[in-house]
Amino acid sequence: MAPRTITPFGPQHPVLPEPIQLKLELEDERVVGVVPAIGYGHRGIEKACELNEYPKNIYLCERICGICSAIHGMTYCDVVEKLWPLEIPPRASYLRTIWAEMARTHSHLLWLGLLADAFGFESMFMQYWRIREKVLDILEITTGHRVTQSVSIVGGVRRDIDDDQKKHCIEVLKDVRKEAEALNNVLVNDYTVKARTVGKGVLSYDQAIALGLCGPHLRASGVKEDCRTQGYWAYGDLSYEPIVATGGDSFSRAAVRVGELYQAIDLQLEAFGKLPEGELAAKPKGNPPANEAVSRVEQPRGEVFYYAKGNGTRNLERLRVRTPTYANIPSLLVMLPGCELADVPIIVLSIDPCISCTER
Amino acid sequence: MIMLPTVVRNLFGGPATRMYPVTTREPFARARGHVEFNEDLCNQCGTCARRCPAIAIDLDKDKKEWILHPDRCIICEVCAEVCPKDAITIAPQWRAPFYKREAIIYHSKAVKEKGEKTGE
Amino acid sequence: MIDKLKEISKDQLLAEVKKYADAKARFVTGSANDLGDKLEITYFFNASPGMDLSALRFSVGKDEEVPSMTGIYLTAVLIENEMKELFGLKVKDLAIDFGGHMMLAQDSPVLPMLKTEEQLAAGKKGGN
Ligand code: SF4
Ligand code: SF4
């Protein structure tokens, strides 16, 4: 038997934008065991949310994650609204849907770029990020900021999309779709890409459920499960069908995300077409009552889970946030043993890890 | 080879990036850039300081000072929305980076009228 | 209000969790809450495929031991370690024990998620 060595992977590693350490136990080049070590980015946001007044928490929750910032803010508002419960106006739910899908578009473009980068396919990485910049620009035009959009408030949204902006957004989105098609064509047909992803990090249907995965990672193993099927906000009105792949490997995960990228653009175009007129926000009455609520929303990386407990004061008694990566990290314990050291970066990346958001 | 059309287009197209900070893009009209304060309108009611999520606004009621800590401000636009006198606006230009944590002190000039509600 | 919330005692926990595992439900997450003298633990499960959430809830005293469900759902390892560190929940037989250093470092606050005195006082006044 070859001698075993322990190799640390991270916390600073070129493929990881964020700090996570994997202690890999290696036998020659083969991984035989792995222990993830997280905790480099723990900020105590859940505790801070208990001490802050509830309207101020929106801005804190938006800073849990930089990429799904808008959706974190919206989900927080959603869970607090459920404490009353408070109905939000239809225009607000459409606008939330549009911004959530814009966030998904740019997040998937970011991930596809990072995937290309992990192969060493630098020019493709830059192409993806060039397209992504257009999406960020329309986000900035409509919300006021490219990263922390801060558009949601308890009861609705703060900003409106007027007709000029709407026209501009539709144009840009069509353009983005055309350019992304050209690049995705390369990604799904290229020989090297396939050699590095097909059959790597395979999880079967049963394993995926037993590990409690979520999001594209779960759907790539053939489980047709997506929070958007609950029909929150405007999703109930839009023609929406989860995208599923059956391979369960890194390639299927890429394929699901490519599919969702197009779907997100289509959903935005459809929502723009159906955008109803009306109020932007309903006014909450008094403080959140003593009640409990759960809100599950689909983020680009999977299901985000918010649990809130009010106690009739301006502060929440408890707020629990479970981000998608929190559920997806344990899958590394199963996927990595048995693979080559060189495949580790791509398998880790295939769950689209977002570590700081995991630790909150 | 499937990448070829993209490669060719790039060869003849201009760069997609800008030479920041030599050339900057015009800020979008409704972007949130920085906080601007109008001394003539503020009457020291204190709503903005209470509602600011980042505790970036301080008031000194005796000296009638309105103090902004730009290093804490997250440019969320809450203060501008809640100010009953519209003394705060959000301008689209980004702030330049700074090296020191310095508060900006303004002097509020408007006076509270009798019986006027003070915020919430 | 959470639909399909089932109150159990901590001795029933493993048997109840086993039922979910046999029904091929997906473990979603857990949440702990400090009630002053007790900890209230809630585990959430999703009947897959679909979007059907149900929950198990039990409360334990702060010095009671709780069995770990990592033997049934490996994925609970992060949440159980987190509760152990941040709330001081005493979990037995963890599959991977981070030894109190998953989220926290050597000189971090101890059990930071427990309620402060003021919070408990305010909760009694305003709530329920
Ligand atoms: S923009 Fe937001 S953070 Fe900045 S001073 Fe106003 S309320 Fe405070
Ligand atoms: S008038 Fe406006 S700027 Fe002045 S203290 Fe009140 S809210 Fe703040």
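Just so you know, the residues in each chain are numbered from 1, in the order the chain's sequence is written. A letter from A marks each chain and a number from 1 marks each ligand, given out in the order of writing. Local features in this predicted model are restricted to residues of pLDDT 70 or higher, and side-chain atom pairs are both shown and tallied only at a pLDDT of 80 or more, whereas totals for entire chains, interfaces and linings draw on every residue. As a rule here, side-chain values come from all non-hydrogen atoms in the structure, and water together with hydrogens is ignored.

Engineer: Account for the overall build of chain A, with residues named and values stated.
Structural biologist: The secondary structure listing takes helices from DSSP runs of H or I that are at least 4 residues long and strands from runs of E that are at least 2 residues long, numbered from the N terminus. Check the secondary structure of chain A and you find 14 helices and eight strands. Radius of gyration means the value over C-alpha atoms here, while the globule rule gives 2.2 Å times the residue count to the 0.38 power. For 360 residues, the compact-globule estimate of 2.2 N^0.38 gives 21 Å, and the C-alpha radius of gyration of chain A, at 20 Å, lies within 12% of that figure. For the C-alpha atoms alone, the extent of chain A along its principal axes is close to 70 × 45 × 35 Å. Buried positions account for 65% of the 360 residues belonging to chain A. In the structure as shown, chain A presents an accessible area of about 11400 Å², 54% of it carried by carbon and sulfur atoms. When accessible area is computed with a 1.4 Å probe and restricted to protein chains, residues below 20% of their type maximum are described as buried, those above 50% as exposed, and intermediate ones as partly exposed. The protein chains shown are the only cover counted for residues, whose accessible areas, like all others here, come from Shrake-Rupley with a 1.4 Å probe.

Engineer: Give me the packing of aromatic side chains: which residues, what numbers.
Structural biologist: We call Phe, Tyr and Trp rings a pair once their centres come within 6.5 Å, taking the six-membered ring for Trp, and we label the pair stacked below 30 degrees between planes, edge-to-face above 60, and tilted otherwise. On inspection of all chains with the given rule, the structure shows twelve aromatic pairs over all chains. On the basis of an interplanar angle of 50° and a centroid distance of 5.1 Å, the ring pair of F125 of chain A and W129 of chain A is categorised as tilted. You can see F125 of chain A and its partner W129 of chain A sitting in helix α5 (residues 122–143), four residues apart, about one turn around the helix. In this structure F125 of chain A comes out as buried when scored by relative accessible area, which is 18%. When the centroid spacing of 6.2 Å and the interplanar angle of 40° are considered together, the rings of Y43 of chain C and F58 of chain C count as tilted. Remark: F58 of chain C occurs in strand β4 (residues 52–61) and Y43 of chain C occurs in strand β3 (residues 38–47); sequence separation between them is 15 residues. Overall, the relative accessible area of 1% leaves Y43 of chain C in the buried class.

Engineer: Which residues make up unusual backbone geometry, and what are the values?
Structural biologist: Put simply, W84 of chain A and P85 of chain A share a cis peptide bond, and its omega is -10°. Tracing the chain through its elements places P85 of chain A in the loop between α3 (69–83) and α4 (90–119). Notably, I75 of chain B is not glycine yet its phi reads approximately 50°, a positive angle. Looking at the secondary structure, you find I75 of chain B in the loop between β3 (65–68) and α3 (78–82).

Engineer: Talk me through the nonpolar core; I want residue IDs and the actual numbers.
Structural biologist: Judged by nonpolar contacts, the single largest core of 152 residues is most densely connected at L319 and L336 of chain A. For this core, the element with the highest residue contribution is α4 of chain A, accounting for 17 residues. What L319 of chain A contacts, discounting residues up to four positions off in sequence, is E46, C49, C61, Y76, V79, Y306, Y307 and A308 of chain A. By size, the runner-up hydrophobic cluster in this structure holds 19 residues, among which are F37, C48, I57 and I88 of chain B. We define the nonpolar core as a collection of buried residues of types Ala, Val, Leu, Ile, Met, Phe, Trp, Tyr and Cys that are connected through side-chain atoms lying within 4.5 Å of one another. The contact criterion used is simple: two residues touch if any of their non-hydrogen atoms lie within 4.5 Å.

Engineer: I'd like a rundown of the site of ligand 2, residues and numbers included.
Structural biologist: Residues and elements named next belong to chain B. In the neighbourhood of ligand 2, 14 residues make up the surrounding shell, with C42, C45, G46, C48 and C83 lying closest. Residues are said to line a cavity or pocket when one of their atoms sits within 4 Å of a point; the points come from a 1 Å grid over protein atoms alone, cavities being sets where a 1.4 Å probe fits but cannot get out and pockets being open sets with protein on both sides within 12 Å along at least five of seven lines. Put plainly, a molecule is in a cavity or pocket when over half of its atoms are within 2 Å of the grid points there. Mapping ligand 2 onto the cavity grids shows that it belongs to the largest cavity. Of the residues in the shell around ligand 2, the class split is nine nonpolar, four polar and one charged. It suffices for a single heavy atom of a residue to lie within 4 Å of a molecule or strand for the residue to be listed as near it. Residues are sorted three ways: Asp, Glu, Lys and Arg are charged, Ala, Val, Leu, Ile, Met, Phe, Trp, Tyr, Cys and Pro are nonpolar, and all the rest, Gly among them, are polar.

Engineer: I'd like a rundown of the interface of chain A and chain C, residues and numbers included.
Structural biologist: Of the residues lining the interface, 50 residues belong to chain A; the matching set on chain C comes to 49 residues. At the boundary of chain A with chain C, total buried surface from both sides reaches about 3700 Å², with 58% on carbon and sulfur atoms. Salt bridges are defined by distance alone: a side-chain nitrogen of Lys or Arg within 4 Å of a carboxyl oxygen of Asp or Glu. For the pair chain A and chain C, the number of links is four salt bridges. Salt-bridge contacts for R320 of chain A lead to E82 of chain C; the nearest nitrogen and oxygen are separated by 3.3 Å. Contacts described as polar in this section are N or O atom pairs within 3.5 Å, which, within protein, must combine one atom able to donate a hydrogen with one able to accept it, while residues neighboring in sequence count only if both atoms come from side chains. The interface formed by chain A and chain C contains 13 residue pairs in polar contact (both at pLDDT 80 or more). Contributing elements (two or more residues each) for the side of chain A that touches chain C: β3 (30–37), α1 (45–51), α8 (205–210), β6 (292–299), β7 (302–310), β8 (316–322), α11 (324–328) and α12 (330–335) of chain A. Accessible-area loss on putting two parts together, using a 1.4 Å probe and summing over both, is the definition of buried area adopted here.

Engineer: Got a sec to walk through the layout of surface pockets? Specific residues and values, please.
Structural biologist: The probe, sized like a water molecule, is rolled over the atoms to show the empty space still left. Taken as a whole, the second largest pocket encloses approximately 640 Å³ of empty space. At the level of secondary structure, the elements contributing two or more residues to the lining of the second largest pocket comprise α2 (54–62) of chain A together with α3 of chain B. When residues of the lining of the second largest pocket are assigned to their parent elements, the largest contribution, five residues, is made by α2 of chain A. Across the lining of the second largest pocket, the residue classes break down as twelve nonpolar, two polar and seven charged. Grid points are joined across faces, edges and corners, and a volume is the space filled by probe spheres set on the points.

Engineer: A description of helix α2 (residues 77–87) of chain C should follow, citing residues and the corresponding values.
Structural biologist: All names here are of chain C. A large share of α2 lies buried, amounting to ten of its eleven residues. Taken as a whole, α2 has its buried residues at V77, L78, I79, E80, N81, E82, M83, E85, L86 and F87. Just past α2, the residue G88 takes up positive phi, approximately 75°.

Engineer: Summarise the site of ligand 1; cite the residues concerned and give the values.
Structural biologist: As a structural note, the neighbourhood of ligand 1 is formed by 14 residues, with C52, C73, I74, C76 and C79 of chain B the closest of them. In terms of residue class, the shell around ligand 1 is made up of 13 nonpolar, no polar and one charged.

Engineer: Kindly report on the side chain of H106 of chain A, identifying the contributing residues and their values.
Structural biologist: Here H106 of chain A is to be found in helix α4. Filtering out sequence-adjacent residues up to four positions away, H106 of chain A remains in contact with I67, R132, V135, L136 and L139 of chain A.

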